[in-house]
Amino acid sequence: HIETGEKKYILFVGRLDIFHKGIDLLLEAFKKASEKIDDDLYIICKGTLYGKHELKKLLVKNGIESRVKVLGEKKGKEKEKYFSNAKFALFPSRFEGQSLSVLEMMALGKPFICFDIPEYKWASNKICYKAKPFSVQELTDKIIALSADFGKRVSMGKEARKQALDYTWDKCANKYNLFLRRVIRDHLIRSMKN
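Since this is a predicted model, take the numbers as computed values, not measurements.

Novice: Explain the overall build of the protein chain to me, please; I cannot follow it from the model alone.
Specialist: Across its full length, the protein chain carries seven helices and six strands. Reading the secondary structure of the protein chain in the N-to-C direction produces β-α-β-α-β-α-β-α-β-β-α-α-α. Projected onto its principal axes, the C-alpha positions of the protein chain cover 65 × 35 × 35 Å. Each of the 194 residues in the protein chain was classed as buried or not, and the buried ones make up 45%. A fraction of 69% describes how many contacts in the protein chain between residues 6 or more apart in sequence connect residues 24 or more apart. Put simply, the protein chain has 39 plus and 25 minus side-chain charges, and the middle of one group is 4 Å from the middle of the other.

Here is the structure:
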């Protein structure tokens, strides 16, 4: 069991792909939110020199360099420390696969904010706030609301931890095994009919 707490920051974790991961929208929203919240934004990311240069330009353009800490890639205990002490996480992707970082945050009992895109249909409003897709204003409002509501973060975090248990290696392996068996069975049945 990993000890969790809350420090005065919110966390973005992801590949340094400005468009795909919605970092441009996130920084616009954080600029507006930073006028009403005390939390800083920490960014854990892996990216190219070009991506880092683009990120720096966006920080300067939005005038938020002093409120955003770009940490680069983190692994192991160091990554765990940042994840477990964040108030919540932000995943403002324009499109997404199944994010392991989301599951890691959930396992630590941390809620998150994302856009209401098809790839996040699985995530209930008991564990996250969803903003209208690509609306900077809605993303801003959700950041301000969750930052200010300790009780909501705690209740969402407890539910997130519970839901993360649906994604353990054993459960996923069993679901995959059942899927493969069903595919093979259906194939055999079709073969026998021909």
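Novice: What is the right way to look at unusual backbone geometry in this model?
Specialist: With the exception of glycine, most residues fall at negative phi, and the peptide bonds are largely trans. Despite not being glycine, Phe134 has its phi angle at roughly 70 degrees, a positive value. Relative to the helices and strands, Phe134 resides in the loop between β6 (128–131) and α5 (136–148). When its relative accessible area of 37% is taken as the criterion, Phe134 is described as partly exposed.

Novice: What exactly am I supposed to notice about the sheet that holds strand β5 (residues 112–115) here?
Specialist: Each strand in a sheet pairs with its neighbour through backbone hydrogen bonds, running either in the same direction (parallel) or in the opposite one (antiparallel). Overall, parallel pairing links the six strands, which are arranged β3-β2-β1-β4-β5-β6 in an open sheet. On the outer flanks of this sheet lie β3 (68–72) and β6, each paired with one strand and no other. Strand-to-strand twist across the sheet, computed as the mean angle between neighbouring axes with direction ignored, equals 25 degrees. The sheet strands contacting helix α1 (residues 23–33) are β1 (9–15), β2 (40–46), β3, β4 (89–91) and β5, and the helix crosses β2 at an angle near 165 degrees. Running over the sheet, helix α4 (residues 100–107) touches β1, β4 and β5 and is turned about 155 degrees from β4.

Novice: Would you mind going over a nonpolar patch on the surface with me for this structure?
Specialist: Taken together, Leu180, Ile184, Leu188 and Met192 make up a surface patch of nonpolar side chains, about 420 Å² in accessible area. With respect to the helices and strands, Leu188 occurs in helix α7 (residues 169–193).

Novice: Whenever I open this one, the pattern of salt bridges confuses me. Can you help?
Specialist: In a structure, side chains of opposite charge can pair up when their charged atoms sit close to one another. Scanning the entire structure with this criterion turns up 13 salt bridges. We note a salt bridge from Lys79 to Glu104, for which the minimum N-O separation is 3.1 Å. Here the residue Lys79 occupies a position in helix α3 (residues 76–85), and Glu104 occupies one in helix α4, the gap between them amounting to 25 residues. Exposure remark for Glu104: the relative accessible area of 31% places this residue in the partly exposed category.

Novice: Looking at this model, I keep getting lost on the packing of aromatic side chains. Mind explaining?
Specialist: Per the stated rule, a full pass over the model turns up eight aromatic pairs. On the numbers, 5.9 Å between centres and 80 degrees between planes, the contact of Phe91 with Phe112 is edge-to-face. Separated by 21 residues along the polypeptide, Phe91 in strand β4 and Phe112 in strand β5 bring together distant segments of the chain. A relative accessible area of 2% places Phe91 in the buried class. In this structure Phe112 comes out as buried when scored by relative accessible area, which is 0%. Relative to Tyr120, the ring of Phe112 has its centre 6.1 Å away and its plane inclined at 50 degrees; by these criteria the two rings are tilted. Through a chain of ring-to-ring contacts, three or more aromatic side chains come together here, namely Phe91, Phe112, Tyr120 and Trp122.

Novice: Can you walk me through the packing of α4 against helix α6 (residues 150–164) in this structure?
Specialist: Pairs of packed helices are described in terms of their axes, by the angle between the two and the distance that separates them. Close contact between α4 and α6 brings their axes to 7 Å; oriented N to C, the two are set at 120 degrees. With respect to each other, α4 and α6 are oriented oblique. As for how α4 packs across α6, the hand of that crossing is left-handed. Judged by residue contacts, Leu103, Met106 and Ala107 of α4 engage Ala160, Arg161, Gln163 and Ala164 from α6.

Rules of the game
Residues numbered from 1 in each chain as written. Predicted model: local features only at pLDDT ≥ 70, side-chain atom pairs only at ≥ 80, totals over all residues. Heavy atoms only, no water. Helix = DSSP H or I, 4+ residues; strand = E, 2+ residues; numbered from the N terminus. Buried < 20%, exposed > 50% of the residue type's maximum accessible area, 1.4 Å probe, protein only. Contact = heavy atoms within 4.5 Å. Lys, Arg positive; Asp, Glu negative; His and termini not counted. Charge placed at Lys NZ, Arg CZ, Asp CG, Glu CD. Pairing = 2+ DSSP bridges. Axes fitted to C-alpha atoms, helices over the stretch in contact; angles between N-to-C directions. Patch = residues over 30% accessible without salt bridge, like charges linked within 9 Å, V, L, I, M, F, W, Y side chains within 5 Å. Areas by Shrake-Rupley, 256 points an atom, 1.4 Å probe, with all protein chains shown as cover. Salt bridge = Lys/Arg side-chain N within 4 Å of Asp/Glu carboxyl O. Phe/Tyr/Trp six-rings, centres within 6.5 Å; stacked < 30°, edge-to-face > 60°. Parallel < 35°, antiparallel > 145°, perpendicular 65-115°, else oblique. Left-handed = near helix turned anticlockwise from the far one by under 90°.

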